[in-house]
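# Analysis of the macromolecular model
Below are the chains, spelled out letter by letter.
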Amino acid sequence: MVLPMSRAARAASRLVPEIPMLRRSSKQQASAAAAEEEVAVPAHFVCPISLDLMRDPVTAPTGITYDRESVEGWLARGNARCPVTGRPLRLADLVPNHATRRMIQDWCVANRASGVERVPTPKVPLGDADAADAVASVSAAARRGDVAACGAAAARARALGKESDRNRRCLAAAGAARALATAFARLAGERVEGACALGDVLAALTVFFPLDDEARRCIASPASLKSLVSVMSHGELPARASAAVVLRELASSSADGHTLEAVLRTPGMCYALVGLVRNPISTPATKAALVTAYYLVAASDRAAARFAELGAVALLVEALVDADKGTSEKALAALDGVLCTDAGLAAARAHALAVPVLVKKMFRVSDMATDFAVSALWRLCRAGDAAACRAEALRVGAFQKLLLLLQVGCGGVTKERASELLKMLNGSRGSVECIETVDFKGLKRPF
């Protein structure tokens with residue numbers, strides 16, 4: 001699955017003479033239309049690493065001033081020397097440069113007529129002792145069984161972690177993920193007075209991915225999994241989304257099949273995941289549910305059959321019609337897994353959009369989506385009594401797309417299945433009128 005990628009900060013070996021330009025937002029452009037040129041940022045306000053205006057300047061013992069986020073990110077990636085001078089540098093050596101920050105704020109105010117926004121005063125970074133106290137508050141409240149206090153402590157940890165990467169790293173090093181997972185396991189089963197607290201704990205837990213082994217074991221306990229199902233099915237919308245994201249993290253990071261089997265055995269789990277796709281609450285929740293479903297069906301034919309019984313094929317096909325790239329990749333992956341079962345194949349053959357959607361998604365989304373689309377179409381066309389599927393595939397232009405795919409280049413299983421599909425379709429080419437594109441609006445949907 002496609003996972004979200006961290007933004008790589010650019011490191012500079014020296015101060016550059018070029019001065020970056022500060023761009024205005026669309027609203028500011030309208031109010032400052034008379035300005036002929038963009039505002040030049042003074043060179044001493046520019047971070048040597050990011051080459052952007054500093055928002056929280058800090059000075060190293062080497063005398064060089066950096067933006068806090070950029071230099072802390074530089075050090076967190078294992079660099080132990082000043083990017084400009086090459087001399088040794090530690091996180092503890094950085095000192096806030098309040099004078100430069102105030103000058104930057106004054107400069108922003110002076111140029112606000114040109115669309116420059118004032119840099120806000122940064123908050124004090126979280127120290128190791130403060131991080132330890134925040135984590136201890138969560139654990140202590142959970143041990144006492146104080147549901148409200150645990151939820152409040154989890155919400156505070158989440159807010160601190162979202163303030164900056166520095167805070168998040170401090171809290172993670174203090175064991176925030178483990179404490180939150182343990183708290184969730186202790187509170188599992190709370191349905192009325194603990195519902196909001198469970199949502200707060202899950203929301204905080206999403207800030208501190210990836211989870212370590214102990215945290216995953218806590219979330220994978222039977223009581224915790226039952227609570228996740230309860231939250232996904234009956235919780236408030238933010239809590240349902242957080243539960244889906246935590247479950248996705250658990251499923252995607254499991255190194256063995258025992259955790260996935262425990263997830264699958266949880267009563268109502270498949271129904272809750274299908275419900276998030278049938279009645280979307282947010283794009284992240286839908287994508288998380290699709291990823292979890294993919295891992296479950298990839299690990300167990302029983303899971304694939306269960307999803308097929310719950311109507312997942314029709315839901316996935318319908319979702320694919322107007323899905324974005326990320327949703328398309330995940331829905332195609334889950335659909336390909338469900339089609340490994342007879343029930344899934346029967347449902348897909350009965351759906352008017354199944355074959356057209358799969359053909360439509362080839363080359364339209366990504367290489368990953370094309371691989372899954374080819375695999376799913378191969379399963380449909382090679383199934384027993386698949387003559388109608390092959391005819392439909394030919395009608396909507398699958399033969400031409402498969403030829404193009406082999407000419408452009410593909411490898412491994414996708415190449416083998418594309419070649420086999422061409423052989424299947426070749427025998428029916430003379431009796432079917434082929435078209436290149438499909439008008440989904442002209443096709444009747446089953447519901």
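First, a word on scope: everything that follows refers to the structure included in this document. The shown structure was predicted, so the numbers you read here are calculated from the model rather than taken from an experiment. Sequence order as written defines the numbering, with residues in each chain counted from 1. Only residues with pLDDT of 70 or above have their local features reported here, since the model is predicted, and side-chain atom pairs are shown and tallied only from 80 upward, although totals for entire chains, interfaces and linings are computed over all residues. Hydrogens and waters are ignored; side-chain quantities use all the structure's heavy atoms.

## Considerations on the overall build of the protein chain
Going by this rule: Numbering goes from the N terminus for both helices and strands, where a helix is a DSSP run of H or I of at least four residues and a strand is a run of E of at least two. A 1.4 Å probe rolled over the protein chains alone gives each residue an accessible area, and that area as a share of the maximum for its type sets the label: buried under 20%, exposed over 50%, partly exposed in between. Contacts are assigned to residue pairs with any non-hydrogen atoms lying within 4.5 Å of each other. All accessible areas in this document rest on Shrake-Rupley with a 1.4 Å probe, and a residue is counted as covered only by the protein chains that are shown.
Broken down by element type, the protein chain carries 23 helices and five strands. Within the protein chain, the fraction of its 447 residues that count as buried is 49%. A fraction of 68% describes how many contacts in the protein chain between residues 6 or more apart in sequence connect residues 24 or more apart. Counting every atom, the protein chain has about 22,000 Å² of accessible surface; 52% of that belongs to carbon and sulfur.

## Section: the pattern of salt bridges
Note the following rule: Note on definitions: salt bridges are taken to be side-chain nitrogens of Lys or Arg within 4 Å of carboxyl oxygens of Asp or Glu.
Enumeration over the complete set of coordinates arrives at 16 salt bridges. Residue Arg 68 pairs with Asp 56 through a salt bridge whose shortest N-O separation is 2.8 Å. One end of the pair, Arg 68, is in helix α2 (residues 68-76); the other, Asp 56, is in the loop between β2 (39-40) and β3 (57-59), and 12 residues separate them in sequence. Take Arg 68 and Asp 56: they sit in the same class, and that class is buried. As a salt-bridge pair, Arg 395 and Glu 392 come within 3.1 Å of each other at their nearest N and O atoms. Residue Arg 395 and its partner Glu 392 are located together in helix α21 (residues 387-395), separated by three residues, close to a single helical turn. Given a relative accessible area of 29%, Arg 395 falls into the partly exposed group. A cluster of three or more residues bridged by salt bridges with shared partners is formed by Asp 56, Arg 68, Glu 72, Arg 166 and Arg 169.

## Considerations on the packing of aromatic side chains
We count it as follows: Stacked, tilted and edge-to-face are the three classes applied to pairs of Phe, Tyr and Trp rings, where Trp contributes its six-membered ring and a pair requires centres within 6.5 Å; stacked means planes under 30 degrees apart, edge-to-face means over 60, and tilted covers the rest.
This structure, assessed with the given rule, holds three aromatic pairs. Between the aromatic rings of Phe 45 and Trp 107, the centroid separation amounts to 6.2 Å while the plane-to-plane angle is 70 degrees, which identifies the pairing as edge-to-face. Of this pair, Phe 45 sits in the loop between β2 and β3 while Trp 107 sits in helix α3 (residues 98-110), and the two are 62 residues apart along the sequence. Like Trp 107, Phe 45 is buried. Where Tyr 294 meets Phe 372, the ring centres are 6.0 Å apart and the plane angle is 75 degrees; that geometry is what we call edge-to-face. Within this pair, whereas Tyr 294 is found in helix α14 (residues 283-299), its partner Phe 372 is found in helix α20 (residues 367-382), the two being separated by 78 residues in sequence. Three or more aromatic residues joined by ring pairs make a cluster, and in this case those are Tyr 294, Tyr 295 and Phe 372.

## Some words on the sheet that holds β3
For the record, the criterion: The criterion for strand pairing is that DSSP finds at least two bridges linking the strands in question. For helices, the fitted line uses only the C-alpha atoms of the stretch in contact; every axis is such a line through C-alpha atoms, and the angle between N-to-C directions lies from 0 to 180 degrees.
Taken together, three strands build an open sheet; the order of strands is β4-β3-β5 and the sheet is antiparallel. Either end of the sheet is taken by a strand with one partner, and the two such strands are β4 (65-67) and β5 (95-96). As judged from the two bridges shared by β3 and β5, these two strands associate in the antiparallel manner. Note that in β5 the partner of Thr 59 across the bridge is Val 95. Across the face of the sheet, α2 comes into contact with β3, β4 and β5 while running at roughly 90 degrees to β4.

## Topic: a nonpolar patch on the surface
To keep things clear, this is the line we draw: Patches were defined on residues exceeding 30% relative accessible area and lacking a salt bridge, with like-charge contacts within 9 Å and nonpolar side-chain contacts (Val, Leu, Ile, Met, Phe, Trp, Tyr) within 5 Å.
Together, Phe 363, Leu 404 and Val 408 make up a nonpolar patch on the protein surface, roughly 260 Å² of accessible area in all. Considering the arrangement of structural elements, one finds Phe 363 in the loop between α19 (354-361) and α20.

## What about the nonpolar core?
Defined as follows: We define a nonpolar core as any set of buried Ala, Val, Leu, Ile, Met, Phe, Trp, Tyr and Cys residues linked to one another through side-chain atoms lying within 4.5 Å.
With 117 residues, the main nonpolar core has Leu 171, Met 232, Leu 247, Phe 307 and Leu 377 as its most contacted residues. No other element matches α20, which puts nine residues into this core. Those residues in contact with Met 232, other than ones at most four positions away along the chain, are Arg 240, Ala 243, Ala 244, Leu 247, Met 269, Ala 272, Leu 273 and Leu 276. Membership of the second largest hydrophobic core comes to 23 residues, among which are Leu 53, Ala 60, Leu 75 and Cys 108.

## What about α3?
Along an α-helix, residues three or four apart share an orientation, since each turn contains 3.6 residues. What counts is decided by this rule: Helices are assigned an expected span. That span is 1.5 Å times one less than the residue count. Starting at the helix axis, one direction is taken to each C-beta atom, and the arc is that of these directions.
Taking 1.5 Å of rise per residue, the 13 residues of α3 would be expected to cover 18 Å, and the 18 Å separating its terminal C-alpha atoms lies within 8% of that figure. For α3, the full list of buried residues reads Thr 100, Arg 101, Ile 104, Gln 105, Trp 107 and Cys 108. Down the axis of α3, the smallest arc covering the buried residues is 160 degrees, so these residues share one side. Within α3, the exposed residues directed more than 90 degrees away from the buried face are Asp 106 and Ala 110.

## Notes on the environment of Arg 81
Worth spelling out the cut-off: Whenever two N or O atoms come within 3.5 Å, that pair is a polar contact, provided that in protein one can donate a hydrogen and the other can accept it, and provided that, for residues adjacent in sequence, both atoms are side-chain atoms.
With respect to the helices and strands, the residue Arg 81 is situated in the loop between α2 and β5. Relative accessible area serves as the criterion here: at 47%, Arg 81 is assigned to the partly exposed category. Beyond its immediate stretch of four places on either side in the chain, Arg 81 contacts Trp 74, Gly 86, Arg 87, Pro 88 and Leu 89. Only 3.0 Å separates the side chain of Arg 81 from the backbone oxygen of Gly 86, close enough to count as a polar contact.

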